[in-house]
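# Chains, contacts and geometry: an overview
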Amino acid sequence: MATRHDAAAPPVKEGGAAPGRPLADSEAAGKKRARLSRRWQRDMRWSPYAFVSPFFLLFLAFGLFPLLYTGWASLHQVELTAPTDMSWVGLRNYTRIFDDDFFWNAAKNTLTIGIISTVPQLLMAMGLAHILNYKLRGSTFYRVVMLAPYATSIAAASLVFVLLFGRDYGMINWVLNAVGIDHVDWQNDKWPSQIAVSTIIIWRWTGYNALIYLAAMQAIPQDLYESAALDGASRWRQFLHVTLPSLRPTILFTVVVSTIGASQVFGEPLLFDANKGASGGSQHQFQTLGLYLYEQGWINQHLGRASAIAWTMFLILIVIGIVNYVISRRLRASS
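Rules and cut-offs
Residues numbered from 1 in each chain as written. Predicted model: local features only at pLDDT ≥ 70, side-chain atom pairs only at ≥ 80, totals over all residues. Heavy atoms only, no water. Helix = DSSP H or I, 4+ residues; strand = E, 2+ residues; numbered from the N terminus. Expected span 1.5 Å × (residues − 1). Buried < 20%, exposed > 50% of the residue type's maximum accessible area, 1.4 Å probe, protein only. Arc of directions from axis to C-beta. Contact = heavy atoms within 4.5 Å. Phe/Tyr/Trp six-rings, centres within 6.5 Å; stacked < 30°, edge-to-face > 60°.

## Description of helix α4 (residues 139–151)
End to end, α4 covers 19 Å across 13 residues, agreeing with the expected 18 Å (1.5 Å per residue, within 8%). For α4, every residue scored as buried is listed here: Ser 139, Met 146 and Pro 149. Angular distribution of buried residues about the axis of α4 spans 85°; they occupy a single face of the element. Along α4, the residues that are exposed and aim more than 90 degrees away from the buried face are Thr 140, Phe 141, Val 144 and Ala 151. On its buried face, α4 is in contact with α3 (101–132) and α7 (190–218).

## Here we look at the packing of aromatic side chains
Given two aromatic rings, their pairing is described by the distance between the two centres and the angle made by the two planes. Under the criterion given, the structure shown has 22 aromatic pairs. Ring pairing ties together the aromatic residues Phe 161, Phe 165, Trp 186, Trp 203, Phe 272 and Phe 286, which thus form one cluster.

## Points about unusual backbone geometry
Of note, the phi angle at His 284 is positive, near 60°, even though the residue is not glycine. On the secondary structure map, His 284 appears in the loop between α11 (267–272) and α12 (289–299). His 284 sits in the buried class, given a relative accessible area of 16%. One non-glycine residue, Gln 301, lies in the positive phi region at around 65°. Along the chain, the position of Gln 301 falls in the loop between α12 and α13 (303–334). A relative accessible area of 30% places Gln 301 in the partly exposed class.

Written out as structure tokens, the structure is:
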């Protein structure tokens, strides 16, 4: 006769706990889940700030602090030979530079070089981008070639252009002489020197702006061009009535960036000078604000005056930014 080994099941405790699992383990698991949940929430909240904190630390060390210290130094008389010896002069550094004819000469040269370099540069960039927007063989090669001048060293490019614009043996004068035009003194005459400096800027930045325009053109919906073609619009009319209106924000961006860059031109005129100084030519004919600042601070050793020039340039850039904001708001409102 078989023996029965049946045993009664253990009674289930109130609260729904599983048989054989202590209630303490369940509470510990709940606390662990709550702790992990709080840690996850803190991680989601503070991790983005930790990721961007290196930028802000570098900006504080190399951006904001120098800016504020330069503003403080602009209110003092301080020399490069003794940068820690400061004497309060208030706004005298600003009044002195505004009464200085060389400052206004540098401001005029910066404006004219900016216009001569920016307008042809952006027009050529727009034309190149329009050509590359069509399907061409080796389009990637052409894009890399256009970006090559931007990646080239300013010093190397400027030295090459110095040889090209040489008065006696330069290639530019050789070509002009071949068509019956007398030699031009590119480094000592006012307008030829500014045109030569602007040529270096145009060569270096045209391809960069062309790629910006090309990226904006490729974002334009093709339906607009197909509709215009069905209406009988030629490619020129498509460019005028479809491409240009769609590129308005991009054009405004490149104009503002090029204007800011033109106000800070330094390397090209510095290396183009035959005397290798910061005077911008023998008669200061192509001295920009950047060169004038360098001359006052590191050649004449007037750090207080150079700081005032730097802050004046900074205020000019703020005005440019405000104008950009107003124009962009009006463009958005009109569109």
